[in-house]
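These are the residues of each chain, in order.
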Amino acid sequence: MHNLQQRANVAFSFACTVLGSILAVIAAISYITGYPTVPSDIRVDTNALRVVSRRYGPEYYDYGTPKSHFAKVNFDLDVDFTPVFNWNTKQVFVTVVAEYESKTHDRNSIVLWDHIIESKQDANLTLRNIQNKYAFIDVSRKWSHQPIDLSLRWDITPHVGVLQSGRSASNPVNIVLAPAEQA
């Protein structure tokens, strides 16, 4: 007959096969049912919109050009991610993205702000006067009246299954960045 190791191996293999099959069914159900769209609202305070010229990086290192143009954007965000939380939602990663075209590049995307929502209780975001968290700088290091669209994006991380993403259904906020003022 079979010894104890062989029997343990067969039992373990069967348990792993059953567990894997259950997880595959859960992943398929989550992918098929999907997540609802999330209504969102981004408003930009155009009075607080500034482009400043200053050094890029640590002060002790010269990056070739002494000054770069940084955009500072303040925005308000109203969004409720409560509908996307279900039995399989682990977290929601939310970003505000600026998209624009320049003379040298057809498509530019810059993440300005991000946030991780880990529970349904924290899923309703009503934030006021948020400043961009990350550097808002163009590849050419100069802004010259480029129209920029701000949009809200999110990635839903399930406990089991495929990462799903979404984008704000409303029209993106359109702003124009003028050349820099000295700071």
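This is a predicted model, so every value here is computed, not measured.

As for unusual backbone geometry
Working step 1: In the Ramachandran plot, N129 falls in the positive-phi region, its phi being about 55° despite a non-glycine side chain.
Working step 2: Here N129 lies in strand 7 (residues 124–131).

Re the pattern of salt bridges
Working step 1: Scanning all chains against the criterion turns up four salt bridges.
Working step 2: For R128, the salt bridge is made with D78, and the minimal N-O distance between the two is 3.1 Å. On the criterion of sequence distance, the pair formed by R128 in strand 7 and D78 in strand 4 (residues 74–80) is long-range, its members being 50 residues apart.
Working step 3: Residue R128 is classed as partly exposed on the basis of its relative accessible area of 45%.
Working step 4: Of the charged contacts, one joins E99 and R167 as a salt bridge, the two residues approaching to 2.6 Å between their closest N and O atoms. One end of the pair, E99, is in strand 5 (residues 89–100); the other, R167, is in strand 9 (residues 164–167), and 68 residues separate them in sequence.
Working step 5: Among the residues examined, R167 registers a relative accessible area of 43% and is labelled partly exposed.

Some remarks on the UniProt feature "transmembrane region" (unreviewed entry) in the protein
Working step 1: Under the local residue numbering, the UniProt record ascribes the feature "transmembrane region" (unreviewed entry) to residues 12–32.
Working step 2: A distance of 30 Å separates the end C-alpha atoms of residues 12–32, which is 100% helix and 0% strand.

Observations regarding the environment of A24
Working step 1: Note that A24 resides in helix 1 (residues 4–33).
Working step 2: When the C-alpha atoms of A24 and V160 are compared, they prove to be 8.3 Å apart, with 136 residues separating the residues in sequence.

Brief notes about the nonpolar core
Working step 1: With 30 residues, the main nonpolar core has F81, V92 and L152 as its most contacted residues.
Working step 2: Where this core is concerned, the elements lending two or more residues are strand 1 (40–44), strand 4, strand 5, strand 6 (108–117), strand 7 and strand 8 (146–158).
Working step 3: Sequence-distant contacts of V92, that is, excluding residues within four places in its chain, are made with F81, V84, F85, H115, I116, I117, W154, D155 and I156.

Comments concerning the sheet that holds strand 4
Working step 1: Taken in spatial order, the three strands line up as 1-4-7 in an open sheet, and their pairing is antiparallel. Two strands close off the open sheet at either side, each with one partner strand: strand 1 and strand 7. Averaged over all pairs of adjacent strands, the angle between their axes in this sheet comes to 5°, without regard to strand direction.
Working step 2: Across five bridges, the pairing between strand 1 and strand 4 is antiparallel. Bridging across to strand 4, S40 finds its partner in V79.

Considerations on the packing of aromatic side chains
Working step 1: For the coordinates displayed, the defined rule picks out two aromatic pairs.
Working step 2: Arranged with centres 6.3 Å apart and planes meeting at 80°, the rings of F75 and W113 form a pair that is edge-to-face. Note that F75 is positioned in strand 4 and W113 in strand 6, a separation of 38 residues in sequence.
Working step 3: Note on F75: relative accessible area 1%, which makes it buried.
Working step 4: Here the aromatic rings of F81 and W154 are separated by 5.3 Å at their centres, their planes lie at 75°, and the arrangement is edge-to-face. You can see F81 sitting in the loop between strand 4 and strand 5 and its partner W154 sitting in strand 8, a full 73 residues away along the chain.
Working step 5: For F81, a relative accessible area of 0% puts it in the buried group.
Working step 6: Residue W154 is classed as buried on the basis of its relative accessible area, which comes to 5%.

Section: the side chain of S30
Working step 1: Residue position: S30 is located in helix 1.
Working step 2: Filtering out sequence-adjacent residues up to four positions away, S30 remains in contact with W87, N88, V160 and Q164.

Calculation criteria
- In this numbering scheme, every chain counts its residues from 1 along its sequence in written order.
- Restriction of local features to residues with pLDDT of at least 70 applies here, the model being predicted, together with a cutoff of 80 or more for giving and counting side-chain atom pairs; totals for whole chains, interfaces and linings are based on all residues.
- Only hydrogens and water are removed before side-chain values are computed, so all heavy atoms of the structure are retained for them.
- Strands are runs of DSSP state E lasting at least two residues, helices are runs of H or I lasting at least four, and both sets are numbered from the N terminus onward.
- The salt bridge criterion pairs a side-chain nitrogen of Lys or Arg with a carboxyl oxygen of Asp or Glu, the two atoms within 4 Å.
- Note on classification: 1.4 Å probe, protein chains only; a residue is buried when its accessible area is under 20% of the maximum for its type, exposed when over 50%, partly exposed between these limits.
- UniProt positions are given in the numbering used here, feature names are shortened, and annotations may be inferred rather than shown by experiment.
- Definition of nonpolar core: a set of buried residues of the types Ala, Val, Leu, Ile, Met, Phe, Trp, Tyr and Cys, connected through side-chain atoms within 4.5 Å.
- Contacts are assigned to residue pairs that have any heavy atoms within 4.5 Å of one another.
- DSSP-based pairing: two strands are paired if at least 2 bridges between them are found.
- Helix axes use the C-alpha atoms of the stretch in contact, all axes being lines fitted to C-alpha atoms, and the angles between their N-to-C directions lie in the range 0 to 180 degrees.
- In this analysis, rings of Phe, Tyr and Trp, with Trp reduced to its six-membered ring, are considered paired at centre separations within 6.5 Å, and the interplanar angle assigns stacked below 30 degrees, edge-to-face beyond 60, and tilted for intermediate values.

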